[in-house]
Amino acid sequence: MIHFVLMVNKQGQTRLAQYYKQTTVKERIQLEGELIRKCLSRTELQCSFWEYRDYRIIYRRYASLYFIIGVDNEEENELAYLEFIHTLVETMDKYFENVCELDIMFNIEKAHFIIDEMVMNGCITETSKPAILRPLHDMEKQS
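Keep in mind the model is a prediction, meaning the values are calculated, not measured.

Across its full length, the protein chain holds 5 helices and 7 strands. Ordered by position in the sequence, the α and β elements of the protein chain form the string β-β-α-β-β-β-α-α-α-β-β-α. Whereas a compact globule of 143 residues would reach a radius of gyration of roughly 15 Å, the protein chain reaches 15 Å, a difference of no more than 12%. Its C-alpha atoms put the protein chain at 45 × 30 × 30 Å along the principal axes. For the protein chain, with 143 residues in total, the buried portion stands at 42%. Taking the average location of the 17 positive side-chain charges in the protein chain and that of its 23 negative ones, the two points are 5 Å from each other.

The next thing to look at is the sheet that holds strand S5 (residues 65-72). The strand order across the open sheet built from 5 strands is S2-S1-S5-S4-S3, with neighbouring strands paired in antiparallel fashion. Every other strand in the sheet has two partners, leaving strand S2 (14-19) and strand S3 (49-52) as the edge strands with one partner each. Neighbour to neighbour, the strand axes of the sheet diverge by 20° on average, direction disregarded. Taken together, the 5 bridges between strand S1 (residues 2-9) and S2 define a ladder with antiparallel strand orientation. Considered in S2, the bridge of Leu6 is made with Ala17. Contacting S1, S3, strand S4 (55-62) and S5, helix H2 (residues 78-96) runs over the sheet at an angle of about 40° to S4.

It is worth spelling out the environment of Asn121 at this point. Its place among the elements puts Asn121 in the loop between strand S6 (119-120) and strand S7 (123-124). Take Asn121: its relative accessible area is 64%, and that puts it in the exposed class. When the C-alpha positions of Asn121 and Tyr20 are compared, they lie 5.8 Å apart, and in sequence the two are 101 residues distant. When residues no more than four places from it in sequence are discounted, the contact partners of Asn121 are Met1 and Tyr20.

Definitions and cut-offs
Residues numbered from 1 in each chain as written. Predicted model: local features only at pLDDT ≥ 70, side-chain atom pairs only at ≥ 80, totals over all residues. Heavy atoms only, no water. Helix = DSSP H or I, 4+ residues; strand = E, 2+ residues; numbered from the N terminus. Rg over C-alpha atoms; globule rule 2.2 N^0.38 Å. Buried < 20%, exposed > 50% of the residue type's maximum accessible area, 1.4 Å probe, protein only. Lys, Arg positive; Asp, Glu negative; His and termini not counted. Charge placed at Lys NZ, Arg CZ, Asp CG, Glu CD. Pairing = 2+ DSSP bridges. Axes fitted to C-alpha atoms, helices over the stretch in contact; angles between N-to-C directions. Contact = heavy atoms within 4.5 Å.

In structure tokens, the structure reads:
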């Protein structure tokens, strides 16, 4: 089960945060700060996942953004979650036409909508790019 999804830039600023487990704002700030420092300090030769507190952290860097997810610490397939991150990036790339940090900053509600279409209550529910983007395109037609 996914507990959180974070998108962070190279300067350590959180651009998007989606939590699926009840946590206080103080806990979120502390968690994000520690995870961001850890991700930014790792080299490309190091593994893309590690254990932290009660979570298994899986991250991947695309251009100037780090995509970080925290999942259950037991019996989770890290490679499947890396593929999920890749699918998320491809979906955003398809919608925003070469997604960048500014696209996420200025269209935060659409980025959240894409994640909400893919993940429900911490479980991956949809991975088909056309099925994920169809409601967004329908909303644009109506407006």
